[in-house]
Amino acid sequence: MAPPRPPLPLIDDVMAEIFFRLPPDEPEHLFRAALVCKPWLRILCDPGFLRRYGAFHGAPPLLGLLHRLQVLEGSPPPRFVSTTSMPNFPHPGTYGGHTRSLDCRHGRVLVYMLEFGRANCLVWDPVTGDRHAVPAPDMEDWLIESAAVLCATHGCDHLDCHGGPFRVVFMATHDYKPTIFACVYSSETGAWSQQISLDSSCEHYAQHMQEGLAVRSYYLPYLQPRRGTLVGDAIYNTIRLDNTIVKYDWCKNRLSLIHPPSKDVYYIALMALDSNTLGFASILASSLHMWSMKMETEEAVEWLQYRVIELEKIIPVANPNDARVVVVGSAEGVGVIFVSTDVGLFSIDLKSERVKKVDEPGVHFSVLPYMSFYTPDRGRLLSLARGQ
């Protein structure tokens, strides 16, 4: 007599344990498994499985990149560069107007659009295809901006942010005044907060302005158009000239300045070392230097250099005598930084020092990493796997 068949829930549990171990940075494995049979599709689309899958892996994987250029270099083509074997997500940018990507965070992309002389922002979820229009902040004559989009769901672990409320944090340099503005938009209220500014009334900023004007009479100490770094309830950016750090605490609606650990380098990247610690990375000669910030109070800040990585041994260059190696960004929560060379853009895993080429050579001023779990429950995307 044949042995009794095991109950289906046991089989489902075993298969789920196997599926948990499929790497999230290669999502095509989950999609192909979902096409094998209806029981597997049911397991992979079950909300309970998806919650446990995210908790099992701990942090969303890097799925792709967008780029941000300096103001004078113009806007890069509106494209999403996939870092997995799945197809690229179609970018929603308009080709008839002026479009630039500003940020990627918590499963969303923030896109600035200027069409027919009218500015607005778009919050786009590449995985689900959801789009939300956000009116541009009412700031007079801004020159350079940096903005961030983030999940506003209370208590969210940000492992699989899709839908729900969000915030847009906006900072900008005035076109002709030595002033930095900041405000925050809430999708729940549909409005921007009251603007605050940092100007010559701030002693540190006034000194920074005077030093800049002493070098060039037309100089304004502008906010660098890089991706902001989220630590706690604050976004951090840098000011051009000496890497002075601007902190915007949107909960307190307060702007402040922090002295950096290094002033004599141009290409630097701020990074979140954990949920409460700001990091600073720069390249000196052929080495990557990294610092962590210890803040007792706003006035008492200490920088500790905790690591140096010799890049000559791990990053390829075409011409060692004339190599332009610069750090251009980081991916929060996964310990990855991005370094641009004359042969391409590379990611470096800071734990293993594993190097991976993620894009071809080009002008990489600020890399915007898109991180999210990409699973078969996103029904409209399952059709993409059928063509694999």
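Criteria and cut-off values
Residues numbered from 1 in each chain as written. Predicted model: local features only at pLDDT ≥ 70, side-chain atom pairs only at ≥ 80, totals over all residues. Heavy atoms only, no water. Helix = DSSP H or I, 4+ residues; strand = E, 2+ residues; numbered from the N terminus. Contact = heavy atoms within 4.5 Å. Areas by Shrake-Rupley, 256 points an atom, 1.4 Å probe, with all protein chains shown as cover. Pairing = 2+ DSSP bridges. Buried < 20%, exposed > 50% of the residue type's maximum accessible area, 1.4 Å probe, protein only. Polar contact = N/O pair within 3.5 Å; in protein donor to acceptor, adjacent residues only side chain to side chain.

1. What about the overall build of the protein?
Reasoning step 1: Each helix and strand counted, the protein has 6 helices and 24 strands in total.
Reasoning step 2: Long-range pairs, those at least 24 residues apart, make up 53% of the contacts in the protein with a sequence separation of at least 6.
Reasoning step 3: By element, 52% of the accessible surface of the protein is carried by carbon and sulfur atoms, the whole surface being about 18200 Å².

2. Focus on the sheet that holds strand S1 (residues 62-68)
The strands that make up a sheet are held in pairs by hydrogen bonds between backbone atoms, and each pair lies either parallel or antiparallel.
Reasoning step 1: Strand order in the open sheet formed by 3 strands is S2-S1-S24, with antiparallel pairing between adjacent strands. Two strands in the sheet have a free side with no partner beyond their single neighbour: strand S2 (81-82) and strand S24 (366-371).
Reasoning step 2: One ladder, built from 6 bridges, connects S1 with S24; its direction is antiparallel. When the sheet's bridge partners are listed, Gly-64 is paired in S24 with Tyr-370.

3. So, the pairing of strand S15 (residues 254-258)
Reasoning step 1: Burial of S15 is extensive: 4 of the 5 residues sit out of reach of the surface.
Reasoning step 2: Direction of pairing for strand S14 (residues 245-249) relative to S15: antiparallel, over a ladder of 5 bridges. Bridge assignment links Ile-245 to a residue of S15, and that residue is Ile-258.
Reasoning step 3: Count of turn residues in the S14/S15 antiparallel hairpin: 4 residues, of which Asn-253 carries a positive phi of about 50 degrees.

4. Description of the environment of Ser-101
Reasoning step 1: Mapped onto the elements of the fold, Ser-101 is located in strand S3 (residues 98-105).
Reasoning step 2: Overall, Ser-101 belongs to the buried group, its relative accessible area being 7%.
Reasoning step 3: In the structure, Ser-101 is positioned 23 residues away from Pro-78 in sequence and 7.4 Å away in space, judged by C-alpha atoms.
Reasoning step 4: Leave out the neighbours within four places in its chain, and Ser-101 touches Leu-66, His-67, Arg-68, His-91, Leu-110, Val-111 and Leu-368.
Reasoning step 5: Within the structure, the side chain of Ser-101 is placed 3.3 Å from the side chain of His-91, a separation counted as a polar contact.

Geometry only, nothing functional implied.
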